[in-house]
Amino acid sequence: MTAPAPALATHAEMANAIRFLAVDAIEKAKSGHPGMPMGMADVATVLFTRFLKFDAKAPKWVDRDRFILSAGHGSMLLYALGYLTGFEDLDIEQIKSFRQLGSRTAGHPEFGHVAIADTTTGPLGQGIANSVGFALGEAMLAARYGKGVVDHYTYVVAGDGCLMEGISQEAITLAGHLKLAKLIVLWDDNRICIDGDTALSTSDDQKARFVAAGWNALSCDGHDPEAIARAIEAARQSDKPTLIACRTTIGKGAPTKAGSEKVHGAPLGGDEIKAARDAANWPYEPFVIPDHVLSAWRTAGARGQTERAAWEGRFGKLDLAKKAEFGRTQDGSLPEGWQQAVLAFKRKISAEQPKLATRKASQDALEVLTAAIPEMIGGSADLTHSNLTNTKACAPSIQPGDYVGRYIHYGIREHGMAAAMNGLALHGGFLPYGGTFLIFANYLWPALRMSAMMEQRVLYVLTHDSIGLGEDGPTHQPIETLAALRATPNVLVFRPADAVETMEAYEAALLNTKGPSVFALSRQNLPTLRTDHTDENLSAKGGYVLAEAEGKRQVTLIATGSEVSLALEARKLLAEKGVAAAVVSLPCWELFDRQSKEYRDGVLGEGTVRVAVEALGTFGWERYVGLDGAVIGMTGFGASAPADKLYQYFGITAQAVADAASARL
């Protein structure tokens, strides 16, 4: 007797596998957001079984399509897809451990925890803004290596919250302007937010908004698989980025809670889950997926193996130099010889001793570095000629439809710029840096925080770093900003004192492969202080003795950036009184704190009077000067006047530093 043919899974069964894995995991955790995974299960099933190019057994295949769950609260959608398609780091035990300490299945998807997460999402709007960098990275790599090697789409699932966040406007207008046609956003158009119906707070015509930004905009029934497929296929043929408004029911399948805010952010409860199982004819126990359904999903997870093998064949035909360059930039390693260029720059500066603003020193350093490191991609939020982020090597600028260049005009979109740089870094192949004024770190902070959390090497060139910017006044003078940046975990914050330290800061940042770096750079000219060349990168230690005391040290003067030269003047004033003072330059607190206690004690001078000076807020300096030390800095907002007048007015002078030291002897 012939055995019956195995049952073929239907679309409904495959979508319900997502729904019930989500509701079961959330119920077990007693925490989570079931509404979005239930509502978008049909869309995700169509995307992953018919369109998405990926291989679950090779999750980091370079030419895979990227999938970004911008609505990160619906993380169980992503985890369910990972388990069902066969990602090895997402077994059923991880699904059962959702939101538990030590599990990979965190409350919001985290890059590096699970291979299926191409970025960390959760703060609404970050994912859709990252997608601009992902799509741009694909276009730029394709321009360099050809479509035979780089040819993939970036898909985003975004909710109403993502589209309400202001960063979404920065992202979609930049993507539309750049004509990133391989970016497709699937909008979970369920018209529900936490407070209730979205009509409580918004009446935007989202399709018209996207069209106005240069996008293609389509609609479909988010529960009709053929309608979903037609919309995605049409989007793939567009010469513009595409929004697909997928009209869905939040919590689809929950008999009494579907379509309401009650299903957004809380477990369904046992009775509702039982009723949902009955209504869906899903008689299986929690976390159990019938064999024929799991088999169909695993087949979908292996669907990309043939495409990957064909890609490997094409990649193998590249000439050896191109293949090596592609692999190197994907690995994030830097080219040979770049540090020799660093040393040559330092040697030249120490010999010539120019007087330069550190923003200009930064440009000079970047000229050298971008010539030596071709994957460095520059940009600015409409402040190119103030930040001085453009270099000859980065020309020409990237233009709509032309992605050969290495410089991005982000427009006045600081937050969007930072999130796009995260996307570029995550995509692979590029090392982004972008500029704005230091004060506008406040505008890009959430994305910079994500750079740090995801351990991405993104460089933030933040100029006009103190009251020294002068006449633009207190609105632009970053009093508290640097302290807040220093308080952010896994961020290296550099405030260099001269051109030598500026290059050393860049070298340290480029060697820091597990996090972002910030460069706080002066508007005003500063003298070269490091006049004796050393091959050693002193700034990489975070702080060092720039000028030792003549005789037994009594006072240690500590400064950063533009105030280091002021501390040297104070040292002379103290010497005239017979007081032996050393000057410590402390360009990077984070690196200094990593040094041994013996090194730190030796630099700071145990038992000496310590005075710090920085033309910014004084918060945080107590850790270095102690409770008996002094900090010369700002205790309120600044004012509008020439820089030299402001330093005098606010008492940030060499005499004030010397007097503070003398008073404590």
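One structure accompanies this document, and this report is about it. From a predicted model like this one, the values you see are computed outputs, not experimental measurements.

The nonpolar side chains of a soluble globular protein tend to be buried with one another. With 74 residues, the main nonpolar core has W215, F326, Y460 and L485 as its most contacted residues. Counting residues in each nonpolar core, the second largest holds 73 residues, with A44, A56, Y155 and A227 among its members.

Scanning the model with the defined rule gives 30 salt bridges in all. The shortest N-O distance in the salt bridge between R277 and D24 comes to 2.8 Å. Note that R277 is positioned in helix α11 (residues 270-280) and D24 in helix α1 (residues 11-29), a separation of 253 residues in sequence. Between D189 and R191 there is a salt bridge, with the nearest N and O atoms lying 3.6 Å from each other. Classification of D189 as buried rests on a relative accessible area of 7%. Taken together, the salt bridges that share partners define one network made up of D465, R486, R495, E563 and E614.

Another point: α11. Taken together, the buried positions of α11 are E272, I273, A276 and R277. The buried residues of α11 occupy an angular sector of 140° when the element is viewed end-on, so they sit on one face. Opposite the buried face of α11, by more than 90 degrees, sit the exposed residues D271, K274, D278 and A279. Lining the buried residues of α11 we find α1.

Moving on: the environment of V518. Locating V518 in the fold gives a position in strand β14 (residues 517-521). The class of V518 is buried, set by a relative accessible area of 0%. In the structure, V518 is positioned 85 residues away from Y433 in sequence and 9.8 Å away in space, judged by C-alpha atoms. Filtering out sequence-adjacent residues up to four positions away, V518 remains in contact with L448, Y460, L462, L485, V491, L492, V493 and F494.

Here we come to the packing of α1 against helix α12 (residues 291-302). The interhelical angle for the contact between α1 and α12, taken along N-to-C directions, is 90°, at an axis separation of 10 Å. Classified by the interaxial angle, the pair formed by α1 and α12 is roughly perpendicular. Residues E13, M14, A17 and I18 of α1 form the contact with α12, whose own contacting residues are H292, V293, A296 and W297. For the contact of α1 with α12, the residue count by class is six nonpolar, one polar and one charged.

What follows concerns the sheet that holds strand β2 (residues 154-158). In a beta sheet, neighbouring strands pair by backbone hydrogen bonds and run either parallel or antiparallel. What the five strands build is an open sheet, ordered β1-β2-β3-β7-β6; its pairing is parallel. Edge positions in the sheet fall to β1 (66-69) and β6 (216-221), since each of these pairs with one other strand and no more. This sheet shows a mean twist of 20° between the axes of neighbouring strands, independent of strand direction. Pairing between β6 and strand β7 (residues 242-247): six bridges, direction parallel. Counted as the bridge partner of D221 is R247 from β7. Across the sheet, helix α6 (residues 126-145) is in contact with β1, β2 and β3 (183-189); its angle to β2 comes to roughly 175°.

A few words now on helix α21 (residues 499-511). Compared with an ideal rise of 1.5 Å per residue, which puts 13 residues at 18 Å, α21 spans 19 Å between its outermost C-alpha atoms and is within 8% of the ideal. Summarising burial for α21: twelve of the 13 residues are buried, a large majority. Among the residues making up α21, those that are buried are A499, V500, E501, T502, M503, E504, A505, Y506, E507, A508, A509 and L510.

Attention shifts here to the sheet that holds strand β13 (residues 492-494). Pairing is parallel across the open sheet formed by six strands, whose spatial order is β10-β9-β11-β12-β14-β13. The strands lining the two open edges of the sheet, one partner per strand, are β10 (407-409) and β13. Adjacent strand axes in the sheet meet at a mean angle of 20° when their direction is disregarded. Pairing of strand β9 (residues 376-380) with β10 involves three bridges; the strand directions are parallel.

Cut-offs and rules
Residues numbered from 1 in each chain as written. Predicted model: local features only at pLDDT ≥ 70, side-chain atom pairs only at ≥ 80, totals over all residues. Heavy atoms only, no water. Core = buried A, V, L, I, M, F, W, Y, C linked by side-chain atoms within 4.5 Å. Buried < 20%, exposed > 50% of the residue type's maximum accessible area, 1.4 Å probe, protein only. Salt bridge = Lys/Arg side-chain N within 4 Å of Asp/Glu carboxyl O. Helix = DSSP H or I, 4+ residues; strand = E, 2+ residues; numbered from the N terminus. Arc of directions from axis to C-beta. Contact = heavy atoms within 4.5 Å. Axes fitted to C-alpha atoms, helices over the stretch in contact; angles between N-to-C directions. Parallel < 35°, antiparallel > 145°, perpendicular 65-115°, else oblique. Nonpolar A, V, L, I, M, F, W, Y, C, P; charged D, E, K, R; others polar. Pairing = 2+ DSSP bridges. Expected span 1.5 Å × (residues − 1).

None of the figures reported here should be taken as evidence of function without further support.
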